[in-house]
Amino acid sequence: AAVAFNGTNYLVSWHDSRDGRVSDQFCVYACRVSPSGAVLDTQGIKVTTPASVSADNQFPSVASDGLSFMLAWESSVTGSWGARVARVDSSGAVLDTGGVMLTQEGDVARTPSVAFDGSNYLATWSGGAGLADIEGKRVSPTGVILDRSPITVSSAPDVQEQPQVVFDGANYVAVWQDQRNGSYDIRGTRITPGGTVLDPNGFPVCQAAN
């Protein structure tokens, strides 16, 4: 599950197989929760409706611009794992039915994460050849994809995966698990609102054994 706050309510999002399909096939759901803990959408808001029973939409991330929310998730609707985004407004209405593709058809992307910088969103994901890199794109609050080609956040040797991203008021910081040294470490980088990666080699966050 993932959660964000828009100044009025929270939006909680998760993947769910309640719609009667095969148990390991998922849709993305959400619900608003008030600051007092009241669940405002007791049946959940169905964000995605896959095109076929072989499609999955799962592992959502969510952020807010202070009014609406932006969800990002991994999707297999086109036959390979890509990343999609959709807006949900403050009333719980899904503004981008089915989501907007962040990645090109045939490009592989998993476990996206999204944050807001005061003007636009940045979504990051595990992608590239062999799902070994961290990539990203900026998205406007109106749902327009601002980068034609992905921003390369990390393309170090071996595997980088499962990113998380947050904004500190000046820059984004993305962190991920990184196997460039043979075993998994945690590394990170700063990214400007314009999409410039300030630490191309990443900086170590945790390099403890095991």
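The structure contained in this document is the topic of the report that follows. (Residues numbered from 1 in each chain as written. Predicted model: local features only at pLDDT ≥ 70, side-chain atom pairs only at ≥ 80, totals over all residues. Heavy atoms only, no water.)

Structural notes on the packing of aromatic side chains
Thinking step 1. In total, this model carries four aromatic pairs according to the counting rule given.
Thinking step 2. Aromatic pair Trp14 and Tyr29: ring centres 6.4 Å apart, planes at 15°, arrangement stacked. Pair noted here: Trp14 is in strand S2 (residues 10-16) and Tyr29 is in strand S3 (residues 27-33), with a separation of 15 residues, a long-range link.
Thinking step 3. Aromatic pair Phe116 and Tyr121: ring centres 4.7 Å apart, planes at 50°, arrangement tilted. Residues Phe116 and Tyr121 agree in their burial class; the two are buried.
Thinking step 4. Over the aromatic face of Tyr29 sits the side chain of Arg18, whose NZ or CZ is 4.1 Å from the ring centroid. (Phe/Tyr/Trp six-rings, centres within 6.5 Å; stacked < 30°, edge-to-face > 60°. Helix = DSSP H or I, 4+ residues; strand = E, 2+ residues; numbered from the N terminus. Buried < 20%, exposed > 50% of the residue type's maximum accessible area, 1.4 Å probe, protein only. Lys NZ or Arg CZ within 6 Å of the ring centre and 35° of its normal.)

What about the state of the cysteines?
Thinking step 1. Taken as a whole, this structure holds zero disulfides when the rule is applied.
Thinking step 2. As a non-bridged cysteine, Cys31 has Cys27 as the owner of its nearest cysteine sulfur, 16 Å distant.
Thinking step 3. What makes Cys31 buried here is its relative accessible area of 8%. (Disulfide = S-S within 2.5 Å.)

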